[in-house]
Amino acid sequence: MGLGVRWTLHGDGKTPAPGAVVRPDERLSWPRTFGLGAQHVVAMFGASFVAPVLMGLDPNLAIMMSGVATAIFLLATRGQVPSYLGCSLSFVGVAATIRASGGSSAVVTGAVFVVGAVLFLAGLAVQRFGARIIHAAMPPVVTGAVVMLIGFNLAPVTASTYWPQDQWTALLVMLFTGLAVVCLRGFLSRIAIFLGLVFGYALSWVLDRVFGKIHTPAGGAEAVDHWRLDLSGVGKADWIGLPSFHAPSFEWSAILVALPVVIALIAENAGHVKAVGEMTGASLDDKLGTAIAADGAASMLSTAVGGPPNTTYSENIGVMAATRVYSTAAYWAAACFALLFGLCPKFGAVVAAIPGGVLGGITVILYGMIGLLGAQIWLNAKVDLRNPLNLVPAAAGIIIGVGGVSLKITDNFELSGIALGTIVVITGYHVLRAFAPAHLKTQEPLLDSGTSAYDDEAARNPDEKP
C-alpha cells in the first residue's frame, strides 16, 4: 500500500464540478493547491500560536512541529484522513497548573510527552480491539465531564493573569471576537480567533498612541507602567533561524496532572475522524486507531524537542467543508508553510508580543468554548443527567476540577484540580455502576460523538426495530 503522496488531477484542476468534491487522493492545480495550503495555515493560526504562548512555550517551535506532526499523520493514515495537526488547547490548563506549582517548561513538556505515549498506546489498543474499548472505559458522561472540567479549570488564568493587564482592551476584544464567531460566514468564521487577535493588536497600538502607557500588572503581581503593545523584541529578532529546543523533564506530580487530557484527545480524534468520513463519503472507522496513534507519536516527537503536543484541528475541517476540497496535497502544502514560518524568529517575536489584554478577551471565549464542548458531548449522546448514576460522578468531578480541590496523599504528594476531578469522574462512574440497582442501568450509555454505531447486532439487522 502506498503512502498517500500521489494524487490525480481533479477535472480541469481549477474548481470542483457542481455537486462534486475533491477527494483525498485528488488535487487541483499546484498553484491552487498551495493557495489552499496557505488557507489551512491561516485557519490554524489563531489557536495554534495562542496555545504555546499560553503554555509558556516557543511559538516558532510550535508552528514548525505542527508541520512535522501533520506530515507524520498523513503518512501514518496513508493519505486517507485529511487533517491538520496543531497545538492542542486542551493542555493549556495543565501547563498553568504545573507552572503554578513551580514547574519549568521542561517539566511541562515532560508531562505532556507521557500523555502522547499513552495516546499512542490507546491508538494501538483501538486498532487491535476496536473503538468499543473506548466506549467501555469512557462513556459519554465521563468524556463530557472531563472535557468540561479541563476547560472551566482555566477560568482563574483569565481572571487573574490576562484580564487585569488591560480590562478595557480585553472587553472590546471579547466583544469583537464574539461577533466574528457568530456573524461571519464561511471561512472567515473559522478564523474568528485569528481576526480577534489582529483586532486586539491594532486596538492596543491605537490606545498606546492616544493614551500612552497603562499602569497595570504586566505578567507580575505588581502594577507598573508599560506599553500595551511592546514590539521591541520584533526589531531585534532575526529573519531566519532555528527555534529554541529543550529536553523534557519528568516529574510524577506533573504527569498525573496531565494524564486526564488523554480523554479529551481521544474524544477529539474520534469526532474529527467521523466528521471527515461523513464529508468525504468514505468509512474511516477502521482508521480511528491509526489516527489516534499517529497523533500520539507526533506529540511525543514534538514534546521531545521542547514543543507543545498536537491534535487534529476542527478549524481545518471547517475549511474543507467550505471549499469541498479534501485533498491531502493541500495539507502537505500547509505543512511546508508551517515549517517555513517556524524558521523565522521574527514571526515568533510578533506572536510573543501579543498584549495581555488581548489574550484576556480571547481566552474568555476560548476557555469557555473548550468547557462547553463537554456539554456538547452530553447533548450528542443524549446523556440523561436526571439519572443519579450519571449526575453524581459528573457533578463531583467537575466541582473538584474547576474549584481546585486537593487531596493530600503524603507530605510531598497531593492530587488536585484536573487530575483529582478526572479520577473521581472515571472511578466514581464505574464503581457506582457496579453497585447501582438495575433500573438505573436499563438505558445503555450511547456512543461518543464522533464514533460510529459499533453495535454489531444493529449493523447486521439495520431494519430491525428495538
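This structure is a prediction, so every number in the text was calculated from the model and none was measured. (Residues numbered from 1 in each chain as written. Predicted model: local features only at pLDDT ≥ 70, side-chain atom pairs only at ≥ 80, totals over all residues. Heavy atoms only, no water.)

Some thoughts on the overall build of the protein
Cut-off, in case you're wondering: The secondary structure listing takes helices from DSSP runs of H or I that are at least 4 residues long and strands from runs of E that are at least 2 residues long, numbered from the N terminus. Summary of the burial criterion: residues with accessible area below 20% of their type's maximum are buried, those above 50% are exposed, and those between are partly exposed, where the area comes from a 1.4 Å probe applied to protein chains only. Under the convention used here, a 1.4 Å probe and the Shrake-Rupley method define accessible areas, while residue burial counts only the protein chains that appear.
For the protein, the count of helices and strands is 21 helices and 8 strands. A buried classification covers 51% of the 466 residues belonging to the protein. Accessible surface for the protein amounts to roughly 20,400 Å². Of this, 65% is attributable to carbon and sulfur atoms.

Looking at helix 7 (residues 155-162)
We apply this condition: It is the directions from the helix axis to the C-beta atoms whose arc is reported.
Taken together, the buried positions of helix 7 are Val157, Thr158 and Tyr162. Along the long axis of helix 7, the arc covered by the buried residues comes to 95°, so they all point the same way. Residues of helix 7 that are exposed and point more than 90 degrees away from the buried face comprise Ala159 and Ser160.

Remarks on the pattern of salt bridges
To keep things clear, this is the line we draw: Here, a salt bridge means any Lys or Arg side-chain nitrogen found within 4 Å of an Asp or Glu carboxyl oxygen.
In this structure the tally under the stated criterion is 5 salt bridges. Here Arg23 makes a salt bridge to Glu26, at a shortest N to O gap of 3.2 Å. Residue Asp384 pairs with Arg386 through a salt bridge whose shortest N-O separation is 2.9 Å. In the salt-bridge network here, residues are joined through shared partners; they are Arg23, Asp25 and Glu26.

Here we look at the side chain of Lys346
This is how the line gets drawn: The positive count covers Lys and Arg only, the negative count covers Asp and Glu only, and His and the chain ends enter neither. Any N or O atom pair separated by 3.5 Å or less is treated as a polar contact, with the protein-specific requirement of one donor-capable and one acceptor-capable atom, and with residues adjacent in sequence counted only for side-chain atom pairs. Should any heavy atoms of two residues lie within 4.5 Å, those residues are counted as being in contact.
By the secondary structure assignment, Lys346 is in helix 17 (residues 345-352). One buried charged residue, Lys346, remains without a salt bridge, the closest side chain of opposite sign being Asp238 at 7.0 Å. Polar side-chain contacts of Lys346 include one of 2.9 Å to the backbone oxygen of Ala237. Setting aside its immediate chain neighbours within four residues, Lys346 contacts Val234, Gly235, Ala237, Asp238 and Trp239.

Focus: the packing of aromatic side chains
Note the following rule: Between 30 and 60 degrees the pair is tilted, below 30 it is stacked and above 60 it is edge-to-face, where a pair is any two Phe, Tyr or Trp rings, Trp via its six-membered ring, whose centres lie within 6.5 Å. Here, over-ring charges are defined by two tests on the NZ atom of lysine or the CZ atom of arginine: distance to the ring centre within 6 Å, and angle to the ring normal within 35 degrees.
Under the criterion given, the structure shown has 5 aromatic pairs. An angle of 85° between the planes, with centres 6.0 Å apart, marks the rings of Trp7 and Trp30 as edge-to-face. One end of the pair, Trp7, is in the segment before strand 1 (8-9); the other, Trp30, is in helix 1 (residues 30-55), and 23 residues separate them in sequence. For the pair Phe176 and Phe199, a centre-to-centre distance of 4.3 Å together with 5° between the ring planes defines the contact as stacked. Of this pair, Phe176 sits in helix 8 (residues 167-183) while Phe199 sits in helix 10 (residues 192-211), placing them 23 residues apart in sequence. An aromatic cluster of at least three residues, connected via ring pairs, comprises Trp7, Trp30, Phe34 and Phe337. A cation over an aromatic ring shows up here: Arg209 above the ring of Trp227, its NZ or CZ 5.7 Å from the ring centre. When the ring centre of Trp239 is taken as origin, the NZ or CZ atom of Lys346, which lies over that ring, is 5.1 Å away.

Some remarks on the environment of Val50
Locating Val50 in the fold gives a position in helix 1. For Val50 and Val351, which are 301 residues apart along the polypeptide, the C-alpha to C-alpha distance reads 7.9 Å.

Quick look at unusual backbone geometry
Of note in the backbone geometry, Arg78 takes a positive phi value of approximately 55° without being a glycine. In this fold, Arg78 is placed in the loop between helix 2 (59-76) and strand 3 (85-87). Note on Arg78: relative accessible area 32%, which makes it partly exposed.

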